[in-house]
Amino acid sequence: MKKSVLSKLIAIVLSVLLMATSFAAFAEAIDGGANPGAISTDDTTLTIPKGITLKNDESGTYYNPNITYTYTIAPVTPATGAKVSGVDVVEGPTGGATLASNSVAFTAGEVSGITSSGKEITQNLTVNIDLTKFSQVGIYRYKISDTTATSALFTAGITRKDNYNKDRYLDVYIKNGTSGVAVAGYALTQTNSATAGDKDGGYTKEYETTTDAGTGTVTENTDVYRTYNVKLEKQVTGDMGDKNHAFPFAVTVNNNSLTYYSNGSAATGTSISTTLADGDTLEIKGLNPHATVGYVETNDTGSTYKVTINGKTSTLVNEAEVASGSTATLAVGAVSAYDTDNSNTSVAVDSAATDYSQVKFINNLASISPTGVVLRYAPFILLLACAGALVLFATRTKARRKETEAI
């Protein structure tokens, strides 16, 4: 009987030691080791970061998008045989882990240091732990899911791969506290596997990658918001073109009510008025993927110019004759191919800039042909020549008469 009691006591002690070892191993990583998803002991609030990677082909300061992400959390049954350091992982009790808010909102604001490779901004998803729901020590699993509609991503101009992992699995480590149970720590993973696997730091760029098993190629699988820049350039050609004259331009900008930059100054309006002489430029930066621009140039000189409008890769208007007081127009067009490449059901394509990203208005005025001058005065020159011939003929005839009379 005593042996049986002793065996049970030993089993209990070993179980407690095993649990303690598991918690100790977890706690060891809390300060930033192998478990980046770990949070400090006894903390009943867990914050999970959600990131958006901002990109622009030209480094600088731009605005992030307006978008609200939504999430759910619920207990989940772990894969069969799921253990951490020999301790069974079980489904968490209902209400044991809840979201402080089921949404994470990003509000547009200036962000500096954005590059072509990207700069990440984050907001936090907060999980609250209710210890009254846990009756004993253990490791309890919950599933967190990103439920944001693809249409919301599309509206904001976000790019997200179709194989984006929307789920995270949260293990809550419960220990004995000074008065009842307490939180020993947390761990996040991307899979509901039998083994805990690699810990995860949240919905951020560092952890949202996929690796090709065959090639080892690592592909970012994160939310990306790329902004676009456009450049309008003025050129005057021809030996009669007035290179010093500044031609008036009316530029139409639709940037989904988001702030952009016009020649370095923040702007929110839908129109820009400016004048450009030969070699001048207007730069519009930080435009949303849905943005459009259009241009109208007025010929306020007294001459007729031939206007060619070149885009990034092709000629958009070819030698249109624009008389004094008339206009040369480049109809409104998209600055990126985002709307063509993506939709409310898929935003998988990180789109390129269109021809509208580089636009050049070339006004040409060549020399006036002298042919017109010759034609205009030729009849008078001919009449003058005829008159001269008649005078010469009359003079010679008179001289001959005098010679005849003298004989």
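Rules used in this analysis
Residues numbered from 1 in each chain as written. Predicted model: local features only at pLDDT ≥ 70, side-chain atom pairs only at ≥ 80, totals over all residues. Heavy atoms only, no water. Helix = DSSP H or I, 4+ residues; strand = E, 2+ residues; numbered from the N terminus. Contact = heavy atoms within 4.5 Å. 1 Å grid on protein atoms, 1.4 Å probe; cavity = no way out; pocket = protein on both sides within 12 Å on 5 of 7 lines; lining within 4 Å. Points joined across faces, edges and corners; volume = space filled by probe spheres on them. Nonpolar A, V, L, I, M, F, W, Y, C, P; charged D, E, K, R; others polar. Buried < 20%, exposed > 50% of the residue type's maximum accessible area, 1.4 Å probe, protein only. Polar contact = N/O pair within 3.5 Å; in protein donor to acceptor, adjacent residues only side chain to side chain. Pairing = 2+ DSSP bridges. Salt bridge = Lys/Arg side-chain N within 4 Å of Asp/Glu carboxyl O. Phe/Tyr/Trp six-rings, centres within 6.5 Å; stacked < 30°, edge-to-face > 60°. Lys NZ or Arg CZ within 6 Å of the ring centre and 35° of its normal. Axes fitted to C-alpha atoms, helices over the stretch in contact; angles between N-to-C directions.

A. Spatial organisation of the environment of V236. Structurally, V236 is set in strand β16 (residues 228–237). When the C-alpha atoms of V236 and G279 are compared, they prove to be 8.1 Å apart, with 43 residues separating the residues in sequence. Leaving out residues up to four positions away in the same chain, V236 has contacts with G241, D242, K243, F247, D278, Y305 and N363.

B. Quick look at the layout of surface pockets. Estimated volume of the largest pocket: approximately 230 Å³. Around the largest pocket, the lining is made up of 14 residues, and of these E58, N229, V230, S357 and Q358 lie nearest the centre. Looking at the lining of the largest pocket, the elements that each hand over two or more residues are β16 and β21 (281–287). Looking at the lining of the largest pocket, the element that brings in the most residues is β16, giving four residues. The residue inventory of the lining of the largest pocket, partitioned by class, reads three nonpolar, five polar and six charged.

C. Summary view of the side chain of R226. Tracing the backbone through its elements, the reader meets R226 in strand β15 (residues 224–226). We classify R226 as buried; its relative accessible area is 14%. A polar side-chain atom of R226 sits 3.1 Å from a polar atom in the side chain of D57. Looking at R226, its side chain comes within polar contact range of the side chain of D350, at 2.9 Å.

D. Broad picture of unusual backbone geometry. Positive phi, close to 65°, is recorded for S257, a residue that is not glycine. By the secondary structure assignment, S257 is in the loop between β17 (247–254) and β18 (260–262). For S257, a relative accessible area of 71% gives the class exposed. Of note, the phi angle at N263 is positive, near 50°, even though the residue is not glycine. Looking at the secondary structure, you find N263 in the loop between β18 and β19 (265–267). On the accessibility criterion, N263 (47% relative accessible area) is partly exposed.

E. Structural context of the pairing of β17. Every second residue of β17 is oriented toward a common face, the buried set being F247, F249, V251 and V253 and the non-buried set P248, A250, T252 and N254. The pairing of β17 with strand β20 (residues 271–276) spans six bridges and is classified as antiparallel. Paired with F247 across the strands is L276, a residue of β20. Alignment of β17 against strand β22 (residues 292–298), held across six bridges, turns out to be antiparallel. Across the sheet, residue V253 finds its bridge partner in β22, namely V293.

F. View of the pattern of salt bridges. Taken as a whole, this structure holds 12 salt bridges when the rule is applied. One salt bridge connects D57 with R226, and the closest N-O pair in it is separated by 3.1 Å. Taken together, the residues span a long stretch of sequence, with D57 in the loop between β1 (45–55) and β2 (60–63) and R226 in strand β15 at a distance of 169 residues. Owing to a relative accessible area of 64%, D57 belongs among the exposed residues under this scheme.

G. How the structure looks around the packing of aromatic side chains. Summed over all chains, the structure comprises nine aromatic pairs. With a centroid separation of 5.9 Å and an interplanar angle of 45°, the aromatic rings of Y63 and Y261 are classed as tilted. Remark: Y261 occurs in strand β18 and Y63 occurs in strand β2; sequence separation between them is 198 residues. Comparing Y63 with Y261 shows no difference in burial state: the two are buried. Ring geometry for Y71 versus Y203: centroids 5.3 Å apart, planes at 55°, classification tilted. On the criterion of sequence distance, the pair formed by Y71 in strand β3 (residues 67–75) and Y203 in the loop between β12 (180–189) and β13 (209–211) is long-range, its members being 132 residues apart. There is no split in this pair, since Y71 and Y203 are both buried. Through pairs of rings, three or more aromatic residues link up here, namely Y62, Y63 and Y261. K50 extends its terminal NZ or CZ atom over the ring of Y69, reaching a point 4.6 Å from the ring centre. Lying over the aromatic face of F247, K234 brings its terminal NZ or CZ to 4.7 Å of the ring centre.

H. Region of interest: the sheet that holds β17. If you trace the four strands from one edge of the open sheet to the other, you get β20-β17-β22-β25, paired in antiparallel fashion. Among the strands making up the open sheet, the edge pair consists of β20 and β25 (327–334). Recorded for the sheet is a direction-independent mean angle of 15° between the axes of neighbouring strands.

I. Main features of empty space enclosed by the protein. Under the counting rule described, the total for this entry stands at one cavity of 30 Å³ or more. Volume-wise, the largest cavity comes out at about 40 Å³. Forming the boundary of the largest cavity are Y63, N64, A108, Y225, N255, L258, T259, G286 and N288. By residue class, the composition of the lining of the largest cavity is four nonpolar, five polar and no charged.

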